[in-house]
Amino acid sequence: MPFLCVNVDHVATIRQARLGVEPDPVTAAAMCELAGAVGIIMHLREDRRHVQDRDIDLISKTIQTEFHFEMAATEEMQQIALRVDPATVCLVPEKREELTTEGGLNCIGQEKRLTEYLAPLHEKGIGSSLFIDADANQIKAAKAIGAEYVEIHTGHFADAPTRSEQKAELARIIDGIKMSQDLGLKVNLGHGLNYVNILDFADVPGICEYSIGHSIMSRSIYVGIDRAVRDMVEIIRNFTD
């Protein structure tokens, strides 16, 4: 059965709007765990627009499930990951001017660099994932790099303006999932998934985790974090294994 990992970045986004102390993403993470999330995701960006170093340090000390650390492949982030020892790191592309991550990491031509980059993390027992588009060449490159997981970017599917375009993106993602699994990669999905569009994956087997943040935090404004997480957990529990 696939599981839910919750990204709490946007709790920090609200806090940083006033540069205050609330709401606290670390408290939100604990509430997500109590509601059934099997992992918590935080993305520490270079510009520190939402999550702060303090959040990463505290979550690594208080988490009861698994901490998944999203980060760019920089020396600074590598050293932070080695210090806080997350369950996994997920390497993502990052641009200062983007509102949110716009696409998958380009692994092609970076196989040697990223293999060497991940080596000290693997030596410490930290798992690794690469956030990539459902592209055959990217998937092959991810396999060559030696990551355990790929997280396939579902943003283009989520943002498709028509149902026909959405179905085309869905078919591409399903092909990417199968190819990744055939190569021995474990598969997670994430970006733009919500309580409606996630239902298109109900019969897709072999997905390990769904990484979801924005839609859960948006719903929590109306119904609270506990209910928002439990609603998503219940949807995913009914999916095909």
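Described in the following lines is the structure provided in the data block. Since the model is a prediction, treat every value here as computed from it, not as a measurement.

Reading the values: the criteria
Residues numbered from 1 in each chain as written. Predicted model: local features only at pLDDT ≥ 70, side-chain atom pairs only at ≥ 80, totals over all residues. Heavy atoms only, no water. Helix = DSSP H or I, 4+ residues; strand = E, 2+ residues; numbered from the N terminus. Rg over C-alpha atoms; globule rule 2.2 N^0.38 Å. Buried < 20%, exposed > 50% of the residue type's maximum accessible area, 1.4 Å probe, protein only. Contact = heavy atoms within 4.5 Å. Lys, Arg positive; Asp, Glu negative; His and termini not counted. Charge placed at Lys NZ, Arg CZ, Asp CG, Glu CD. Pairing = 2+ DSSP bridges. Axes fitted to C-alpha atoms, helices over the stretch in contact; angles between N-to-C directions. Parallel < 35°, antiparallel > 145°, perpendicular 65-115°, else oblique. Left-handed = near helix turned anticlockwise from the far one by under 90°. Nonpolar A, V, L, I, M, F, W, Y, C, P; charged D, E, K, R; others polar. Expected span 1.5 Å × (residues − 1). Bend = angle between axes of the 7 residues up to and from the residue. Salt bridge = Lys/Arg side-chain N within 4 Å of Asp/Glu carboxyl O.

## A closer look at the overall build of the protein
From N to C terminus, the protein includes 10 helices and eight strands. Taken over C-alpha atoms, the radius of gyration comes to 17 Å for the protein, in line with the 18 Å a tight globule of 241 residues would show. Seen through its principal axes, the protein has C-alpha atoms that stretch 45 × 40 × 35 Å. Scored against the burial criterion, the 241 residues of the protein give a buried share of 51%. By sequence separation, contacts in the protein at least 24 residues apart represent 68% of the contacts at least 6 residues apart. Positive and negative charge centroids in the protein, built from 24 and 37 side chains respectively, lie 1 Å apart.

## Comments concerning the pairing of strand E1 (residues 3-7)
Summarising burial for E1: four of the five residues are buried, a large majority. Summarising the sheet, E1 and strand E8 (residues 207-212) pair through four bridges and their orientation is parallel. Residue Cys5 lies in a different strand from E8, and its bridge partner there is Ser211. Pairing of E1 with strand E2 (residues 39-43) involves three bridges; the strand directions are parallel. Each bridged residue has a counterpart across the sheet, and for Asn7 the counterpart in E2 is Ile41.

## Looking at the packing of helix H3 (residues 53-62) against helix H4 (residues 75-84)
At a minimum axis separation of 10 Å, H3 and H4 run at an interaxial angle of 30°. Considering their axes alone, H3 and H4 lie roughly parallel with respect to each other. When you trace H3 past H4, the crossing you get is right-handed. Judged by residue contacts, Asp53, Ile56, Asp57 and Ser60 of H3 engage Ile80, Arg83 and Val84 from H4. Counted by class, the contact of H3 with H4 contains three nonpolar, one polar and three charged residues.

## Comments concerning helix H5 (residues 111-123)
For H5, with 13 residues, the first-to-last C-alpha span of 18 Å sits near the 18 Å given by 1.5 Å per residue. If you look at H5, its biggest bend is around 25°, right at Tyr117, and the proline Pro120 turns up within four residues after that. Residues of H5 that are buried include every one of Leu114, Tyr117, Leu118 and Leu121, and no others. Each element contacted by the buried residues of H5 is listed here: strand E3 (67-71), H4, strand E4 (88-91), strand E5 (127-132) and helix H6 (136-145). Positive phi shows up at Gly125, right after H5, with a value of about 90°.

## Structural notes on the pattern of salt bridges
Scanning the entire structure with this criterion turns up 14 salt bridges. The closest approach of N and O atoms between Arg48 and Asp53, which form a salt bridge, is 2.7 Å. Given a relative accessible area of 17%, Arg48 falls into the buried group. For the salt bridge of Asp182 with Lys178, the shortest nitrogen-to-oxygen distance reads 3.1 Å.

As far as function goes, none of this settles anything; it's purely spatial.
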